[in-house]
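For reference, the chains in residue letters:
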Amino acid sequence: MAGGAAFAYAAIVERNWFALRRYDVPVLPEGARPFRLLHISDAHLTPGRHRLMSWIRSLDSLDPDFVVNTGDSIAHRQSVQPFLEALGPLLDRPGVFVFGSNDLYSPVPKNPARYLWRTSALDHSRHETDLPWAELGAGMVAAGWLDANNRRGRIKAADIDIEVAGVHDSHVDMDRYDEIAGPADPSADLRLGVLHSPEPDVLDRFAADGFGLLLAGHTHGGQVCLPGLGALVTNCGIGRSQARGLHRYPADPADQAAGRGGAERPWLHVSAGLGTSPWAPVRFCCRPEATLLTLVPRIS
Ligand SMILES: [Fe+2]
């Protein structure tokens with residue numbers, strides 16, 4: 001009885017109880033005006049999720065200067081148009097995206113508890129892509145967003161000059177950091193790295209190249225958390241304490257002495273994401289979220 005009530009709460013109430021997180025990030029040059037960056041991730045959209053779609057659409061009222069989508073946007077072959085319509089006016093703003101593995105492969109039933117002993121890395125290695133990821137990417141590119149899957153680019157948004165570098169998803173072995181490697185331009189106002197899964201070996205390379213703000217998703221914040229304990233698993237290489245939210249990378253400054261984190265430990269924001277796999281439609285103590293990062297000048 002209690003288990004049924006908990007499942008109903010997690011599947012019906014919390015899964016639709018969207019939260020807007022806000023953080024200030026001191027990453028801009030001295031004198032720069034505050035810059036509003038909206039970070040969305042892991043919508044896993046199926047066409048019937050009208051509440052999720054209308055909430056995404058409502059985020060335009062935050063008047064963001066820039067939008068970053070760190071992938072796993074769709075979970076159904078018919079989800080591309082609904083997802084683009086959900087973005088709606090956000091597509092008229094400057095933006096950038098990378099894919100997650102779930103943009104390429106339709107979801108399959110799995111035992112969610114397996115994440116307690118292993119990650120989803122290479123889960124998809126045995127079958128062909130079957131979701132319209134190219135159509136999804138083309139829709140965002142047509143609106144003017146930068147495709148940052150193993151690409152670098154330069155974007156001017158508001159009066160901020162942004163150097164962007166991104167990689168495709170490492171969980172399906174499609175990340176090619178070597179193709180984007182090289183020092184970030186120190187004259188850019190913002191050096192931004194985007195990736196779906198926050199894997200330490202990729203984060204280390206962004207950090208070594210001087211990218212000061214790194215944005216990722218994938219973890220779902222643990223998706224099912226325990227009060228007081230937080231995430232049980234991250235489904236990737238970072239620790240549970242960094243499963244969601246804003247942190248320095250690496251979390252422990254001592255790791256910098258061991259060669260991680262570059263000359264300056266970058267800021268890492270991990271989104272707990274907007275959705276869930278259709279086969280694990282629950283969230284507990286881990287509300288679905290989007291994040292408004294207000295970038296402000298560095299503290300000297
Ligand atoms: Fe996801």
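Just above, that's the structure.
Here is what the cut-offs are and how they apply
- Residues numbered from 1 in each chain as written.
- Predicted model: local features only at pLDDT ≥ 70, side-chain atom pairs only at ≥ 80, totals over all residues.
- Heavy atoms only, no water.
- Axes fitted to C-alpha atoms, helices over the stretch in contact; angles between N-to-C directions.
- Helix = DSSP H or I, 4+ residues; strand = E, 2+ residues; numbered from the N terminus.
- Parallel < 35°, antiparallel > 145°, perpendicular 65-115°, else oblique.
- Left-handed = near helix turned anticlockwise from the far one by under 90°.
- Contact = heavy atoms within 4.5 Å.
- Nonpolar A, V, L, I, M, F, W, Y, C, P; charged D, E, K, R; others polar.
- Donors = N, O, S within 2.8 Å, 3.2 Å for Na, K, Ca; no water.
- Tetrahedral: all angles 85-135°; square planar, octahedral: opposite > 155°, others 65-115°.
- Buried < 20%, exposed > 50% of the residue type's maximum accessible area, 1.4 Å probe, protein only.
- Salt bridge = Lys/Arg side-chain N within 4 Å of Asp/Glu carboxyl O.

Enquirer: Teacher, can you tell me more about the packing of helix H3 (residues 80–87) against helix H4 (residues 133–142) here?
Expert: Angle between the axes and distance between the axes are the two parameters that describe a pair of packed helices. Contact geometry for H3 and H4: axes closest at 10 Å, N-to-C directions at 25°. The angle between H3 and H4 falls in the class roughly parallel. Handedness of the H3/H4 crossing: right-handed. Judged by residue contacts, Val-80, Phe-83, Leu-84 and Leu-87 of H3 engage Glu-135, Leu-136, Gly-139 and Met-140 from H4. Of the residues that constitute the contact of H3 with H4, the class distribution is 6 nonpolar, 1 polar and 1 charged.

Enquirer: I tried to follow the coordination of the iron ion on my own but got confused; where do I start?
Expert: As a benchmark, a tetrahedral metal site with four donors has ideal angles of 109.5 degrees, while an octahedral site with six donors has ideal angles of 90 or 180 degrees. Ligation of the iron ion by protein atoms is provided by Asp-42 (OD), His-44 (NE2), Asp-72 (OD) and His-220 (NE2), these donors lying 2.0 to 2.3 Å from the ion. For the iron ion, the 4 donor atoms are set out with angles of 88 to 172° between them, so the coordination reads as irregular. Of note, the donors binding the iron ion are all from one chain and are spaced D-x1-H-x27-D-x147-H. Taken together, the positions of Asp-42 in the loop between strand S2 (35–40) and helix H2 (50–58) and Asp-72 in the loop between strand S3 (66–69) and H3 put the pair 30 residues apart, joining distant regions of the chain. Taking the relative accessible area as the measure of exposure, Asp-72 reaches 1% and is therefore buried.

Enquirer: For this particular structure, what's the right way to read the pattern of salt bridges?
Expert: Two side chains bearing opposite charge may form a pair once their charged atoms approach each other closely. Using the criterion set out here, one finds 13 salt bridges in the structure. With its nearest N and O atoms 3.3 Å apart, the salt bridge here joins Asp-159 to Arg-33. Taken together, the positions of Asp-159 in the loop between strand S6 (151–157) and strand S7 (160–166) and Arg-33 in the loop between strand S1 (19–28) and S2 put the pair 126 residues apart, joining distant regions of the chain. Residue Asp-147 pairs with Arg-151 through a salt bridge whose shortest N-O separation is 3.2 Å. Residue classification places Asp-147 among the buried positions, given a relative accessible area of 16%. A relative accessible area of 45% places Arg-151 in the partly exposed class. Through salt bridges with shared partners, a single ionic network connects Arg-36, Asp-60, Asp-63, Asp-65 and Arg-93.

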